[in-house]
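Fold and geometry: a report
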Amino acid sequence: MRRIDLNEAGRFLRENDCFLILMHGSPDGDTLGCGYALCGALQQIGKKAKAVCPDPIPKKFDYVYREIEQQEFEPQTIVTVDVADAKLLYGMRELGEKAALCIDHHVSNTEYAERLLLAPEYAAACELMFELLSSMPEVKITSCIADCLYTGIATDSGCFKYSNTSPQTHVYAAELMKLGADIVPINYAMFDMKSQGRLKLEQTVLSKIRYYDAGKIAVIDVTQELIDSIEGIDSEDVGALAAIPRQIEGVDIGICIKEKKPGLFKASLRSSENADVAAIAQQFGGGGHARAAGCAFECSLEEAERQLVWACAKALERS
Ligand SMILES: [Mn+2]
């Protein structure tokens, strides 16, 4: 692995052809925005390029590839975008390990690619991709490429709300607006729009919310039976449930317990600064970050909930 700068990355793109761009599994706006912005830019300068992802691309992202031309060719140059570790490519892991270039912003990048363009202080890989494409005078940032890059920046910064958001994040978003990024429909699709299935899921799950410890702990659960009974929901819809209990005023620890299969449950914990949920999850063999962590239970739902709530109440008592 060799760390390279923008100049060298630009030269690399110019000097090579037949690009296979790999985006990580369970794709998000950043990997998709980065991948399709790069693919569009390479095609624009006369290169053969295609972007692929090991998972289907959720429908709400369909505008990111609207200008991409389907090209048939034998790939020669593998580039990964927003992929911290080749294993995040799932079934395409072996291709990822042959990557000639990785463009990423994760501190945890495992340096699996031959060349690495890394900006660990950036909120989104799309910030770095914007710099790279802007550094190539032959590339014109079209409104479609601007949409792609804005999507990655907006989603990875939580719509400019997460602590990774820097002045640069806002400046790049503003420049992308000037280049034609259509922020209203993008922000609606990314942050406000919910499918009817997702709303049904939230409605059912929230109707059974439990509060403990004078409202400082809130618990929801989701069973496999419920997930199977609602049409048109995906794993992202289920994953998004975890954030809801902590949004309630007064709740310090929000817990979402999800049934993986009969007798096996996964709990997601979210907390305010009054509790370290990584430490709580560790007590049950899990882990994570201080504000977001997870652990698994092999018992009944009631037993998992009882043990977790007890551990959370004890942690809050100490804080
Ligand atoms: Mn990212």
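Residues numbered from 1 in each chain as written. Predicted model: local features only at pLDDT ≥ 70, side-chain atom pairs only at ≥ 80, totals over all residues. Heavy atoms only, no water.

1. Describing the coordination of the manganese ion
Formally: Coordinating N, O and S atoms are those within 2.8 Å of the metal (3.2 Å for Na, K and Ca), and as water is not part of the atoms, a site may appear to have fewer donors than expected. Secondary structure elements follow DSSP: runs of H or I of four or more residues count as helices, runs of E of two or more count as strands, with numbering from the N terminus. Each residue gets one of three labels from its accessible area relative to the maximum for its type: buried under 20%, exposed over 50%, partly exposed in between, using a 1.4 Å probe on protein chains only.
Looking at the manganese ion, the protein donor atoms are D30 (OD), D82 (OD), H105 (NE2) and D156 (OD), and they sit 2.1 to 2.3 Å from it. All donors of the manganese ion belong to a single chain; written as a sequence motif, their spacing is D-x51-D-x22-H-x50-D. Of this pair, D82 sits in the loop between β4 (77-81) and α3 (93-97) while D156 sits in helix α5 (residues 143-156); the two residues are 74 residues apart in sequence, bridging distant segments of the chain. The class for D156 is buried, based on a relative accessible area of 16%.

2. Overview of the pairing of strand β3 (residues 49-52)
Note the following rule: Between any two strands, pairing holds if DSSP finds at least two bridges. Whether a crossover is right-handed depends on one test, that the path from the first strand over the helix to the second runs clockwise when the strands point away from the viewer.
Burial along β3 is one-sided: the face carrying A49 and A51 is buried and the face carrying K50 and V52 is not. Examined bridge by bridge, strand β2 (residues 19-23) and β3 share 4 bridges and lie parallel to one another. If you follow F19 over to β3, its bridge partner there is A49. Between the parallel pair β2 and β3, the chain is carried across by helix α2 (residues 29-44), and the sense of this crossover is right-handed.

3. Some points on the sheet that holds β4
Neighbouring strands of a sheet are bound in pairs by backbone hydrogen bonds; such pairs are parallel or else antiparallel. Read from one edge to the other, the open sheet built from 6 strands follows the order β1-β6-β5-β4-β2-β3, with strand pairing classed as parallel. Because the sheet does not close on itself, it has two edges, and the strands there are β1 (2-3) and β3. With 5 bridges connecting them, β2 and β4 associate as parallel partners. Its bridge partner lying in β4, L22 is registered against T80.

4. Considering the nonpolar core
To keep things clear, this is the line we draw: Here, the term nonpolar core denotes a set of buried Ala, Val, Leu, Ile, Met, Phe, Trp, Tyr and Cys residues that are joined through side-chain atoms within 4.5 Å. Throughout, a residue-residue contact means that at least one pair of heavy atoms, one from each residue, lies within 4.5 Å.
L13, L38, I103, M129, L133 and Y150 are the most contacted members of the largest nonpolar core, which has 57 residues in total. It is α2 that provides the largest number of residues to this core, a total of 8 residues. Apart from residues lying up to four places away in sequence, L38 is in contact with L13, I21, V79, V81, I103, M129 and L133. One finds I257, A281, C295 and L308 within the second-largest nonpolar core, a separate group that totals 24 residues.

5. Overview of α5
Inclusion rule: What a helix is expected to span follows from its residue count: subtract one and scale by 1.5 Å.
Here α5 contains 14 residues, and its C-alpha end-to-end distance of 20 Å stays within 8% of the 20 Å for a straight helix at 1.5 Å per residue. Counted residue by residue, α5 has 13 buried out of 14 residues, so it is predominantly covered. Of the residues one or two after α5, G158 is the one with positive phi, at around 60 degrees.

6. Looking at the sheet that holds strand β8 (residues 217-222)
Stated precisely, the cut-off is as follows: Only C-alpha atoms enter the line fits that serve as axes; for helices the fit covers just the stretch in contact. Angles between N-to-C directions range over 0 to 180 degrees.
The strand order across the open sheet built from 6 strands is β7-β8-β9-β10-β12-β11, with neighbouring strands paired in mixed fashion. This sheet does not close on itself; its edge strands, each paired only once, are β7 (210-212) and β11 (287-288). One ladder, built from 3 bridges, connects β7 with β8; its direction is antiparallel. Residue pairing in the sheet places Y211 in a bridge with A218 of β8. Relative to the sheet, helix α12 (residues 301-318) contacts β7, β8, β9 (253-261), β10 (264-271) and β12 (292-297), its axis offset from that of β8 by approximately 155 degrees.

7. Describing the side chain of T151
With respect to the helices and strands, the residue T151 is situated in helix α5. For T151, a relative accessible area of 1% translates into the label buried.

8. Comments concerning the domain arrangement of the protein chain
It is common to report an interface's size as the accessible area lost on association of the parts. Filter applied, for reference: Domain ranges listed in this record stem from an automatic or a database domain assignment.
Per the domain assignment, the segments making up the protein chain are domain 1 (2-192) and domain 2 (196-318). For domain 1 and domain 2, the distance between their C-alpha centres works out to 32 Å.

9. What to know about the pairing of β9
For β8 and β9, the ladder comprises 6 bridges, and the chain directions are parallel. Directly across from I217, in β9, lies its bridge partner I253. Note: β9 against β10, 8 bridges, orientation antiparallel. Looking at the pairing, I257 lines up with A267 of β10. Connecting β9 to the next strand, β10, in antiparallel fashion are 2 residues, including G263 with a positive phi near 85 degrees.

10. With respect to the pattern of salt bridges
Worth spelling out the cut-off: Put simply, a salt bridge is a Lys or Arg side-chain nitrogen that is within 4 Å of an Asp or Glu carboxyl oxygen.
Overall, the coordinates contain 13 salt bridges when judged by the stated rule. E114 is paired through a salt bridge with R115; the nearest N and O atoms lie 3.5 Å apart. Residue classification places E114 among the partly exposed positions, given a relative accessible area of 46%. Residue classification places R115 among the buried positions, given a relative accessible area of 18%. The partner of R210 in a salt bridge is E305, with the nearest N and O atoms 2.6 Å apart. Highlighted residues: R210 in strand β7 and E305 in helix α12, separated in sequence by 95 residues. Using a relative accessible area of 8% as the deciding quantity, one classes E305 as buried. In the salt-bridge network here, residues are joined through shared partners; they are K194, R198, E202 and D237.

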